[in-house]
Amino acid sequence: LRGGRRSSNTPLGVQKMKKRPGITKTRELAVGCSARVCLGKDCQGRLLALKYFKNSQSSRRAFIRERNALRRVRHPNVIDLVESEEAKSLGEKNILVMPYAVNGDCLDLVMRVGKLPEDVVRTLLGPIL
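Keep in mind that this is a model prediction, so the values were computed, not measured.

In this section: the overall build of the protein chain. Within the protein chain, the secondary structure is distributed over 3 helices and 7 strands. The order of α-helices and β-strands along the protein chain, N terminus first, is β-β-β-β-β-α-β-β-α-α. For the protein chain, the proportion of its 129 residues judged to be buried stands at 30%. Of the roughly 8,700 Å² of accessible surface on the protein chain, 55% is carried by carbon and sulfur atoms.

Structure, rendered in structure tokens:
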């Protein structure tokens, strides 16, 4: 999550998602302004990132914007959207399900190695922009 803070990897215990009997969530990975991300696993053992958006108008807009962007973009440097679930009632949360990026995202890369050369940035992001 951009601008989010890393959580303390507190185990949540293995929990089944309400409407996803084949997906379990195991622990919280990060918390941000509009959402929290948990690590999950599907019935075939693939690791997933489960992004739960908060119940607010601004978080709903963020969910719709991110979902629509992920649906439109097909690129090897952009994570795929496995599925999404839009809240039907006030008590439910909007959820994005994506493959878990084991090596992190662009922010993690910059934090690990520092400033990236322009030619590397162009190679990674140029086709997207």
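Let us now look at the nonpolar core. Of all hydrophobic cores here, the largest spans 9 residues; its members are Ala-35, Phe-53, Ala-62, Phe-63, Leu-70, Val-78, Leu-81, Leu-96 and Met-98. Considering every element that reaches this core, the biggest residue donor is helix H1 (residues 57–72), with 3 residues. The next biggest cluster of nonpolar side chains, apart from the first, holds 7 residues, and it includes Cys-38, Leu-48, Tyr-52 and Ile-95.

The next point concerns the packing of aromatic side chains. Overall, the coordinates contain 1 aromatic pair when judged by the stated rule. Measuring from ring centre to ring centre gives 5.4 Å for Phe-53 and Phe-63, while their planes differ by 70°; the resulting arrangement is edge-to-face. Placement of the pair is Phe-53 in strand S5 (residues 47–53) and Phe-63 in helix H1, with a sequence separation of 10 residues. Exposure class is identical for Phe-53 and Phe-63. Each is buried. The side chain of Lys-25 reaches across the aromatic face of Tyr-52, ending 4.6 Å from its centre. Above the plane of the ring of Tyr-52 lies Arg-36, whose end atom (NZ or CZ) is 4.9 Å from the centre.

Bringing a nonpolar patch on the surface into the picture now. A contiguous nonpolar patch, built from Val-121, Leu-125 and Ile-128 and spanning about 180 Å² of accessible area, is present on the exposed surface. Looking at the element boundaries, Val-121 is found in helix H3 (residues 118–125). Judged by its relative accessible area of 32%, Val-121 falls in the partly exposed class.

With that settled, the discussion passes to the environment of Ala-101. Turning to its location among the elements, Ala-101 is positioned in the loop between strand S7 (94–99) and helix H2 (106–113). Along the sequence, Ala-101 and Leu-48 sit 53 residues apart, while their C-alpha atoms lie 8.2 Å from each other.

This brings us to the pairing of strand S4 (residues 35–41). Burial analysis of S4 places 5 of its 7 residues in the buried class, which makes it a mostly covered element. Sheet analysis places S4 next to S5, joined by 7 bridges and oriented antiparallel. Along S5, the bridge assignment pairs Lys-41 with Leu-47. Hairpin connection of S4 to S5: 5 residues between the antiparallel strands, including Gly-45 at a positive phi of 90°.

Rules of the game
- Residues numbered from 1 in each chain as written.
- Predicted model: local features only at pLDDT ≥ 70, side-chain atom pairs only at ≥ 80, totals over all residues.
- Heavy atoms only, no water.
- Helix = DSSP H or I, 4+ residues; strand = E, 2+ residues; numbered from the N terminus.
- Buried < 20%, exposed > 50% of the residue type's maximum accessible area, 1.4 Å probe, protein only.
- Areas by Shrake-Rupley, 256 points an atom, 1.4 Å probe, with all protein chains shown as cover.
- Core = buried A, V, L, I, M, F, W, Y, C linked by side-chain atoms within 4.5 Å.
- Phe/Tyr/Trp six-rings, centres within 6.5 Å; stacked < 30°, edge-to-face > 60°.
- Lys NZ or Arg CZ within 6 Å of the ring centre and 35° of its normal.
- Patch = residues over 30% accessible without salt bridge, like charges linked within 9 Å, V, L, I, M, F, W, Y side chains within 5 Å.
- Salt bridge = Lys/Arg side-chain N within 4 Å of Asp/Glu carboxyl O.
- Pairing = 2+ DSSP bridges.

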